[in-house]
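Given next are the chains, with one letter for each unit.
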Amino acid sequence: MRRAVAGALLAAAVLTLTFVLVEAAPGSPADLIAGERPLSPEVRARLDAAYGLDRPPLSRYAAWLLGAARGDLGWSISRGRPVTAVLSAALPPTLLLSGLALSIQLGLGLALAVLHVVRPRGAFDHAAGVFGLSLASIPTFWLALMAILALSYRVPLFPPSSSRSIGSEGWPLAVRALDALWHAALPAAVLGVGAAAAFARYVRAGLLRALGEGFVRAARARGASSRALVTRHALRATLPPMVTLAGVSLPALVSGSLVVEVVFGWPGMGRLAYDAVIARDVPVVLATVLVGTALVVVGSLAADLGLAWADPRARGAVAEAP
Amino acid sequence: MSAKAAALAAAIAIASACGRGEPGATAKPAEAQRGGTLVVGAITDADAWNEYVSQQTAAVNLLRRMYLRLGQEQGDTKDHPPSFAPLLASAWSFSPDGLTLTFTLRDAVWSDGTPVRASDVVFTWKAQTSKEVAWPGGSSKERIKDVHAVDDKSVAFVFDRAYPEMLADAIEGGILPEHVFGKVPFSEWRAHDWSTAGVGSGPFLLSSWKPGEEIALVRNPRYFEKDRPYLDGIVIRVVPDLGNLETQLLSGNVDLIDGVPPADAKRLSATPGVTLLPYDNPMFDYVGWNAARPPLDDPEVRRALTLAIDRQAIVDDLLFGYGRVSAGPLLSSWWPADATLAPWPYDPKEAERILAAKGYGPGHPLAIEMMTNAGNRTREAVAVKIQEQLAKVGVAVTPRTVEMRALREASAAGKYDAYIGGWRFSGKLDLKGIFGSASRPPGGNNVVAYASHETDRLIDALGAASDWRTAKTAYAGIAHRLHDDQPYTFLYEAKRLVAVGPRAKGVVVDVPADPLARLESIWIAR
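Residues numbered from 1 in each chain as written. Chains lettered and ligands numbered in written order. Predicted model: local features only at pLDDT ≥ 70, side-chain atom pairs only at ≥ 80, totals over all residues.

## Some remarks on the sheet that holds strand 6 (residues 144-151) of chain B
All names here are of chain B. Strand order in this open sheet of 4 strands is 4-5-7-6, and the pairing throughout is antiparallel. Each of the sheet's edge strands pairs with one partner strand only, and the pair in question is strand 4 (89-94) and strand 6. Averaged over neighbouring strand pairs, the angle between their axes works out to 20 degrees when direction is ignored. Across 5 bridges, the pairing between strand 4 and strand 5 (residues 100-105) is antiparallel. Along strand 5, the bridge assignment pairs Ser-93 with Thr-102. Against the sheet, helix 3 (residues 118-128) makes contact with strand 5, strand 6 and strand 7 (154-159), and its axis sits at roughly 165 degrees relative to strand 6, the strand it touches most. (Pairing = 2+ DSSP bridges. Helix = DSSP H or I, 4+ residues; strand = E, 2+ residues; numbered from the N terminus. Axes fitted to C-alpha atoms, helices over the stretch in contact; angles between N-to-C directions. Contact = placed C-beta atoms within 7 Å.)

## With respect to the interface of chain A and chain B
Contacts between the two partners involve 42 residues from chain A and, on the opposite side, 50 residues from chain B. Put simply, the parts of the chain that give the side of chain A that touches chain B at least two residues each are helix 2 (29-34), helix 3 (41-50), helix 5 (83-118), helix 7 (140-154), helix 13 (258-263) and helix 14 (269-278) of chain A. Among the elements that take part in the side of chain A that touches chain B, helix 3 of chain A stands out by supplying 5 residues, more than any other. Residue classes in the side of chain A that touches chain B are distributed as 25 nonpolar, 9 polar and 8 charged. (Nonpolar A, V, L, I, M, F, W, Y, C, P; charged D, E, K, R; others polar.)

## What to know about the pairing of strand 9 (residues 214-219) of chain B
Residue and element names in this part refer to chain B. Judged from the 6 bridges that link them, strand 8 (residues 204-210) and strand 9 form a sheet pairing that is antiparallel. Looking at the pairing, Phe-204 lines up with Arg-219 of strand 9. Examined bridge by bridge, strand 9 and strand 10 (residues 233-238) share 5 bridges and lie antiparallel to one another. Its bridge partner being in strand 10, Glu-214 is matched across the sheet by Arg-237.

## Focus on the pairing of strand 18 (residues 488-500) of chain B
Each regular strand displays side chains that alternate between the two surfaces of the sheet. All names here are of chain B. With 11 of 13 residues buried, strand 18 is to be regarded as a mostly interior element. Sheet analysis places strand 11 (residues 256-258) next to strand 18, joined by 3 bridges and oriented antiparallel. Residue pairing for strand 18: Asp-258 is matched across the bridge by Val-498. Of the pairings in the sheet, the one linking strand 12 (residues 275-280) to strand 18 comprises 6 bridges and is antiparallel in character. Of the residues in strand 18, the one forming a bridge with Tyr-279 is Arg-496. Relative to strand 18, strand 13 (residues 283-289) is paired through 4 bridges, and the arrangement is antiparallel. Counterpart to Gly-288 in the pairing with strand 18 is Tyr-488. As paired elements, strand 14 (residues 323-325) and strand 18 share 3 bridges and run antiparallel to each other. For Val-325, the partnering residue across the bridge sits in strand 18 and is Tyr-492. (Buried ≥ 20, exposed ≤ 12 C-beta atoms within 10 Å, placed from the backbone.)

## Considering the nonpolar core
Residue and element names in this part refer to chain B. Ranked by size, the top nonpolar core spans 186 residues in total, and within it Leu-38, Ala-308 and Met-370 carry the most contacts. A per-element tally of this core places strand 18 first, with 8 residues. In this structure, Met-370 is in contact with Ala-383, Ile-386, Val-397, Thr-398, Pro-399, Arg-400, Asp-417, Ala-418, Tyr-419 and Ile-420, ignoring residues within four places of it in sequence. (Core = buried A, V, L, I, M, F, W, Y, C linked by C-beta atoms within 7 Å.)

## Remarks on the confidence of the model for chain B
Residues at a pLDDT of 70 or more form 94% of chain B, whose mean pLDDT is 90. Here residues 1-25 of chain B scores under 50 on pLDDT; set against residues more than four positions off or in separate chains, the count is 49 contacts. (pLDDT = per-residue confidence, 0-100.)

## With respect to unusual backbone geometry
Residues and elements named next belong to chain B. Residue Arg-228 is joined to Pro-229 through a cis peptide bond whose omega torsion reads -5 degrees. As for its position among the elements, Pro-229 is in the loop between strand 9 and strand 10. Residue Pro-295 is reached from Pro-294 by a cis peptide bond, and omega for that bond is 5 degrees. A positive phi is found at Gln-486, a non-glycine position, where the angle reads about 45 degrees. Examined against the element boundaries, Gln-486 turns out to sit in the loop between helix 15 (468-485) and strand 18. Exposure remark for Gln-486: the 23 C-beta atoms within 10 Å place this residue in the buried category.

## Some remarks on the environment of Asp-76 of chain B
Residues and elements named next belong to chain B. Counting through the fold element by element, Asp-76 comes out in the loop between strand 2 (71-73) and strand 3 (84-86). Its 16 C-beta neighbours within 10 Å are what place Asp-76 among the partly exposed residues. Along the chain, Asp-76 and Lys-495 lie 419 residues apart, while their C-alpha atoms are 17 Å from each other.

## Comments concerning the packing of helix 9 (residues 214-221) of chain A against helix 10 (residues 226-237) of chain A
Residue and element names in this part refer to chain A. Relative orientation of the contacting elements helix 9 and helix 10 amounts to 145 degrees, with a least axis distance of 10 Å. Here helix 9 runs over helix 10; the crossing is right-handed. Counted together, Phe-215, Val-216, Ala-219 and Arg-220 of helix 9 and Leu-229, His-233 and Ala-234 of helix 10 form the full contact between these two elements. Of the residues that constitute the contact of helix 9 with helix 10, the class distribution is 5 nonpolar, 1 polar and 1 charged. (Left-handed = near helix turned anticlockwise from the far one by under 90°.)

Printed below as a string of C-alpha cells:
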C-alpha cells in the first residue's frame, strides 16, 4: 500500500514536471500544421480552438488527468487517433524487440562472462575482452547501418526494416510469429550485442569476486572442477545483482530504443515518444511518461521480489522496504 | 474591356485549355501490365485520413488519390494559371457574367456503390469553410459566396467577384462522401479516427494502416476509369532513416522514394535500373533580414548583403545543381514570374562599396547573427557558406541553429537579426500576408517587418485584378519592387527528387507539389 501511494506520488510529480516542460518549450501544434505555409493568424486561432489549445494550460492538464483516471488518455493530434490506440499499437513491437534484445544481452553476456572466467587471461579472454569493448564502443546507429548493409543488402538474410512482411495479415498465426521474429532479429541483435558486451564485463567482475569467496574455495578443496565452480557456485552468488539489473531494465525494455527504431523503421515506443515531443503532442508525451513511470515502480518492485527469491538474506529487507 | 468581360475571357481561355472529355492522365502504354504492388518508401507517416484535418503533405498526396477533386491540375503553370483535366467533374462552364461556375459531375460512384452526387460537393464546401474544421487551405474558398446543387449531377459555385484563380479555387480539395463523413459533426472532425471511413472515389482505397510502419492501399474496383489503375495495390513503408530506404531501393525492396537528398543523387543514378526524376517544388528559401533592427532597415544595406552572397555557388555546391537562383518570391516555373527580372548578380566589390558608404568596413564591421532551423542540413550548410562569403566583404555572420519552433517564436517576436527560412506555396502565395505592412508582428507572417506603401498599393492592385493577364502585370510590379527593396535575399528554388527502382514503370512527375498525380498510370514490370 505504501509502495502504491509512493508510486502514485512519483507519477504525479513526473507528469506535472513533464507537462510544465512541454508547455514551456516554444511553439504549438499549430506550427506543425503550418509547416512552411504562411497561415493567417485567424486560421491559427481556429486550429488552436479546434484542439482546445485556447484553454489555459492548467485547465487542459486537469482535464487530461481526469480523463486518464477514467482510462481516457486523450487524442493524439500528430497521429489522428486516441492515445490509447496509439500506445497499444506501439507497445507489442517494442516488447518483442526489447524482449529479444534483452534475451540476447543476458544470454550472450552470461556466456561471454563464463568463458572469460573459465579461462582467465587466456587468448579467448583477451580476444573476447577486446571484441566486447569494441562492440560497447561502437555507436548504435553505425552498427545498425552496417548490419543492414552486410546482412540485408550484401547477403540478404534479414529484412532491412519494419516488423512484418508485406501482406502477412492473412498468414497463419504461427507463420506470422516467425515472420515477426525474423524481422526483429537484426534490430534486436544490434541492440542486444552491444549491451551484452557491457553486461558480460559486469557479470565477469561478479564471478571473479565470487570465486575468491570462502565457499567457492571450500568447494574447490572438495575437488569441484573449474567449470562446476563457476556454473554451480560462483554464478549463483552473482544472481542477486543480475536480478536487480533485469528488474530495473524493465522501463527501458518498454520505452524502446529510439536509434534502432528509427534506423530499422521499427514502430515502437521510442519513436512514438520522440515524435510526440517534436510535434508537441502533449497527451502522447504524458501517456508515454505515465507508462514509463509505472514501469519504474513495477520494475523496482519486481527487482525486490526477485532479489528476495534469489537471496534469502534479502527477504527481511524487502519486507521492511517502504 | 470591362471586368466582367475580362473574367469571362479568362475563364473561357482556361476552360478551353482543358476542355471536356477524359482525364488528363498519361496515355496507356502498349506494354503496361496489370497487377502487382508498388512499394513506396517514406520517412514520415500519415497523420489523419481526412484531407481537411491532415497536416502532412505526404498524407494529402495520398488522400488526393482516394478522394478525387473535380478536376486534375496539369503541370502547365509556366505561361498561364494551371489548366485542369476533368476528373470527378466531366465538364464545367462559367455563366455569362463570369461569376457562377457550374460543374457537371461524371457518372461515378463511391466505392460502396453510392452515386457521387452534387450534394456531396455542397457538403464538402461546407466542411472546407467550417470554422470548427479549421482547414488551413480554407482561404481558397474566401471568394465563394455559395455552392448549391443545380440538380443531382450539377453543382454551381457563386463568386463575389471575378479573379484569375476562380477555377483553381473551386476545384481545390477532394470531394467527400456526405453519407459517410456527414455522420460525424464538424466539431468532432479533428478528434475522429478517419482510417476506418473506407469509402472513396479515387483509384485507390485505404486497406490498412499500421501507424509508424506501413500504409496499404488497394485498387478501387469501382473507379470510374475502367482500365486504371494498373496496380493491385500500393504499400508505403515508413522508415525514418533515409539511408535505410535508399539501401532498400538499391536492393529492390522499395520501388519509389520521394525527397531524395541532392547529395545522394549521383550515387543513386549511377546504379543500373534506378531513375531520378527531378521536379519543381513550389517553394523558395531565403534569408530574412530583420528590418526592425538598423542597419537592416536600409534597403541599400540589404541589397549589398544580397550582392555579397554567391547564390549560384550555393546551388552548385549544396544543391548539386538541382535548383536555380531565386529572383524573387514568384517561382520561375509559375505563370506570374517575370522572365525579364534577373536575380541580383554576385558582386562583392559593389557590396563592399555600398557598405563602406554606409560606414561599415574593416574598422567597423557589421555583425549579424543568422539563425536557421536545426535538422535542415541544407540550410545549416547554407548558413556556413554565407558566413564565409560575407566575411569577404567585412560582415561578421554568426550562424545559430535552433529548433524549428524556437526559430518561429524568435522570428515572430522580432528577436533576431537574420534567419534562413522557406515558404511553400499552396496554389498561390499570400503576398499580402508575407510582405504587407499590415501583416507585421505581432501575429502576421511579415516577420521581417518590411513596410512599403508602394508594395502595399501593388498588392492591393493585384487583389483587384479580375483576369490573369492584369494579375501578371500586377505581380511583375510587386516582384520588381521587392527586387529593389530586398526584404529577403531570395536564395534558391530547390528541385525535389523522386528515385524510381527498376520494377516501377510509367512514373511521371509533371505536377508541382503533387508527385503522385499520375499514380494510377504506374505499373510493375514482371
